[in-house]
Amino acid sequence: MKNLSKSTVLAAASVLALAGCASTGNVTPQYVPPSTYQSYDCQSLSQEYARVERYVDATRNEQSTIAASGVGVGISAGRWGISPNISVGLGKSNNTKARDAKLSRLYGEADAIIQSARVKRCTFANGIKIYGE
């Protein structure tokens with residue numbers, strides 16, 4: 001067995017710990033062919049999986065964007081006379097389509113990495129489920 005560095009072992013352990021908590025929610029993974037990762041060795045697959053999982057966590061934590069809910073143009077009369085005014089209504093957008101599309105791609109990449117790791121019999125992939133299992 002090759003001599004593994006402490007950081008590699010820790011990375012693999014953290015990946016396994018995170019994998020137990022992984023859930024796609026209502027987002028279906030986009031298909032990514034496992035052959036994309038066929039040239040990777042087990043260590044590279046483990047690092048790539050950890051990288052994708054970091055992106056998944058960051059994307060899940062993204063806040064909804066601010067969206068304009070309306071623009072008003074008018075004339076108001078006040079202490080200083082008559083003046084034009086413009087009002088912009090801002091609110092928090094519940095539109096998560098872009099975030100869900102990004103998550104779908106990332107979930108697909110994670111599944112492809114795990115499938116490729118299983119073919120190569122990489123130990124870090126043991127116990128990690130892919131979508132639909």
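Residues numbered from 1 in each chain as written. Predicted model: local features only at pLDDT ≥ 70, side-chain atom pairs only at ≥ 80, totals over all residues. Heavy atoms only, no water.

Novice: An account of unusual backbone geometry is needed here, citing residue identities and associated values.
Specialist: The backbone of Arg121 shows a phi angle near 60°, a positive value even though the residue is not glycine. Relative to the assigned elements, Arg121 resides in the segment after helix H3 (97-119). Residue classification places Arg121 among the exposed positions, given a relative accessible area of 74%. (Helix = DSSP H or I, 4+ residues; strand = E, 2+ residues; numbered from the N terminus. Buried < 20%, exposed > 50% of the residue type's maximum accessible area, 1.4 Å probe, protein only.)

Novice: Please give an account of the state of the cysteines that cites residues and values.
Specialist: Scanning the entire structure with this criterion turns up 1 disulfide. Between Cys42 and Cys122 runs a disulfide, and the two sulfur atoms are separated by 2.0 Å. Residues Cys42 and Cys122 are joined by a disulfide whose S-S torsion is about -85°; by sign, that bridge is left-handed. Here the residue Cys42 occupies a position in helix H2 (residues 42-60), and Cys122 occupies one in the segment after H3, the gap between them amounting to 80 residues. A relative accessible area of 30% places Cys42 in the partly exposed class. Cys122 sits in the buried class, given a relative accessible area of 3%. (Disulfide = S-S within 2.5 Å.)

Novice: Lay out H2 with the relevant residues and their values.
Specialist: The end-to-end C-alpha distance of H2, which contains 19 residues, comes to 27 Å, matching closely the 27 Å that a straight helix rising 1.5 Å per residue would cover. Of the residues making up H2, those classed as buried are Leu45, Ser46, Glu48, Tyr49, Ala50, Val52, Glu53, Val56 and Thr59. (Expected span 1.5 Å × (residues − 1).)

Novice: Describe the packing of aromatic side chains, with residues and values.
Specialist: Inspection of every chain in the model, using the stated rule, returns 2 aromatic pairs. For the pair Tyr49 and Phe124, a centre-to-centre distance of 6.2 Å together with 45° between the ring planes defines the contact as tilted. With a gap of 75 residues between them, Tyr49 in helix H2 and Phe124 in the segment after H3 connect regions that are remote in the sequence. Here Tyr49 and Phe124 have matching classes, each one buried. (Phe/Tyr/Trp six-rings, centres within 6.5 Å; stacked < 30°, edge-to-face > 60°.)

Novice: Tell me about the pattern of salt bridges, and name the residues and values.
Specialist: On inspection of all chains with the given rule, the structure shows 5 salt bridges. A salt bridge links Glu48 to Arg51, with the nearest nitrogen and oxygen atoms 2.4 Å apart. Separated by 3 residues within a single helix, Glu48 and Arg51 lie in helix H2, roughly one turn from each other. Across the salt bridge formed by Arg99 and Asp100, the nearest N and O atoms sit 3.7 Å from each other. (Salt bridge = Lys/Arg side-chain N within 4 Å of Asp/Glu carboxyl O.)

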